[in-house]
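# Structure assessment
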Amino acid sequence: MTPAVIQLAAEAAERQSAEVTSFGARMAWVIGLAVFVAFVYWLMRQGWKWRGALQNDLPELPAAPDGLPEHRLALTGRYHGSTTAGQWLDRIVAHGLGVRSRVELTLTDAGLDVVRPGATDFFVPAAQLRGARLDKGIAGKVLTEGGLLVVTWAHGDKLIDSGFRSDRAAEHAAWVEAVNLMNQSITTEGAER
């Protein structure tokens, strides 16, 4: 071979493109990323279970009694969760209170009936209602000012804030007024005894 041919062969070898990726290396990265995501998900689930175990002193949620009186107010919307009263980031997960869901709320003279398709229903007796207010957030959900109906109630020895958002947000003010009036009449009746 002549030096010119050798030089042409060397130039041709230089012009070849480098290997773009190694299939094995790419698969290792994909598998590693999938394992990492699964591990993070597992850690989040363990944290949720741990929080539930810490809250195991919370009594079972009461069920609605048969034959509830005629309702004062009703709404459909979303249940966004429950927290320790006054601590909007301290989510309560025990007994399914941490599960977001659709909700059908009914306020009667007997109390507040919370029906959640796909999650645990519960009932708050009228004597346990402590009040209601409009707020902008509860653990994991932040809305515009006054966009969330927060009902405060007692369960066991704990005060709980539960956050709801109606499909028609204009209903929230009527709910705040009705729950607070109900609470005042119960407090007044208790003071007269």
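Please refer to the structure higher up on the page.
In this report, the structure presented in the accompanying data block is examined.

Conventions adopted
- Positions within a chain are numbered from 1, following the residues in the order the chain's sequence is written.
- Only residues with pLDDT of 70 or above have their local features reported here, since the model is predicted, and side-chain atom pairs are shown and tallied only from 80 upward, although totals for entire chains, interfaces and linings are computed over all residues.
- No hydrogens and no water enter the side-chain calculation; it runs on all heavy atoms of the structure.
- Secondary structure elements follow DSSP: runs of H or I of four or more residues count as helices, runs of E of two or more count as strands, with numbering from the N terminus.
- Residue exposure (1.4 Å probe, protein chains only): buried if accessible area is under 20% of the type maximum, exposed if over 50%, otherwise partly exposed.
- Only the protein chains shown count as cover for residues, and the accessible areas themselves come from Shrake-Rupley with a 1.4 Å probe.
- A 3.5 Å cut-off defines polar contacts: any pair of N or O atoms within that distance qualifies, except that in protein one atom must be a possible hydrogen donor and the other a possible acceptor, and neighbouring residues in sequence count only when both atoms are side-chain atoms.
- Any two residues whose heavy atoms approach within 4.5 Å at even a single point are treated as in contact.
- When DSSP finds two or more bridges between two strands, those strands count as paired.
- Salt bridges, as used here, are contacts in which a Lys or Arg side-chain nitrogen is within 4 Å of a carboxyl oxygen on Asp or Glu.
- By nonpolar core is meant a set of buried Ala, Val, Leu, Ile, Met, Phe, Trp, Tyr and Cys residues that side-chain atoms within 4.5 Å join together.
- Any two of the Phe, Tyr and Trp rings considered here, Trp counted by its six-membered ring, make a pair once their centres fall within 6.5 Å; the pair's planes then place it as stacked at under 30 degrees, edge-to-face at over 60, or tilted in between.

### A look at the overall build of the protein
Along its length, the protein carries 3 helices and 10 strands. Within the protein, the fraction of its 193 residues that count as buried is 32%. Per element, the accessible surface of the protein, about 11900 Å² overall, is 59% carbon and sulfur.

### Details of the side chain of Thr 152
Structurally, the position occupied by Thr 152 is in strand E9 (residues 148-155). At 2.6 Å, the side chain of Thr 152 forms a polar contact with the side chain of Asp 161. Apart from the residues within four sequence positions on either side, Thr 152 is in contact with Ala 85, Gln 128, Leu 129, Arg 130, Gly 131, Arg 133, Leu 159, Ile 160 and Asp 161.

### A word on the environment of Gly 96
Looking at the secondary structure, you find Gly 96 in the loop between strand E2 (91-92) and strand E3 (101-108). Of the residues examined, Gly 96 reaches a relative accessible area of 18% and is grouped as buried. Measuring from C-alpha to C-alpha, the distance between Gly 96 and Ser 82 comes to 9.7 Å, with 14 residues separating the pair along the chain.

### Section: the side chain of Ser 82
Checked against the element boundaries, Ser 82 lands in strand E1 (residues 71-84). A polar contact of 2.7 Å, which involves the side chain of Ser 82, links it to the side chain of Tyr 79. Those residues in contact with Ser 82 that lie beyond four places of it in its chain are Asp 90, Arg 91, Ile 92, Leu 97, Ile 138, Ile 160, Asp 161 and Ser 162.

### Quick notes on the pairing of E9
Buried residues dominate E9, accounting for 8 of its 8 residues. Burial along E9 is two-sided: the residues Leu 148, Val 150, Thr 152 and Ala 154 and Leu 149, Val 151, Trp 153 and His 155 are all buried. Pairing between strand E6 (residues 129-135) and E9: 6 bridges, direction antiparallel. Opposite Leu 134, over in E9, you have Leu 149 as the bridge partner. Pairing geometry for E9 and strand E10 (residues 158-166), over 7 bridges, is antiparallel.

### Concerning the pattern of salt bridges
Counted under the stated rule, the structure contains 5 salt bridges. Between Asp 167 and Arg 102 there is a salt bridge, with the nearest N and O atoms lying 2.9 Å from each other. Note that Asp 167 is positioned in the loop between E10 and helix H3 (172-192) and Arg 102 in strand E3, a separation of 65 residues in sequence. Put simply, Asp 135 and Arg 133 hold a salt bridge, and the shortest N to O gap is 3.3 Å. When its relative accessible area of 32% is taken as the criterion, Arg 133 is described as partly exposed. Each of Arg 133, Asp 135 and Asp 161 takes part in one network of salt bridges that share partners.

### Some details on the nonpolar core
As a rule of thumb, nonpolar side chains are buried together in soluble globular proteins. Ranked by internal contacts, the top residues of the largest apolar core, which has 27 residues, are Leu 105, Leu 112 and Leu 149. Among the elements of the structure, E1, E3, strand E4 (111-115), strand E5 (122-125), E6, E9, E10 and H3 are those that each provide at least two residues to this core. At 5 residues, H3 tops the list of elements feeding residues into this core.

### Here's the deal with the packing of aromatic side chains
Think of a pair of aromatic rings as described by two things: how far the centres are apart, and how the planes are tilted against each other in angle. Applying the stated rule across the entire model yields 4 aromatic pairs. On the numbers, 6.3 Å between centres and 75° between planes, the contact of Tyr 79 with Phe 122 is edge-to-face. Of this pair, Tyr 79 sits in strand E1 while Phe 122 sits in strand E5, placing them 43 residues apart in sequence. Residue Tyr 79 is classed as buried on the basis of its relative accessible area, which comes to 0%. Centre to centre, the rings of Tyr 79 and Phe 164 are 5.6 Å apart; their planes meet at 55°, and the pair counts as tilted. Of this pair, Tyr 79 sits in strand E1 while Phe 164 sits in strand E10, and the two are 85 residues apart along the sequence. A single burial state applies to Tyr 79 and to Phe 164, both of which are buried.

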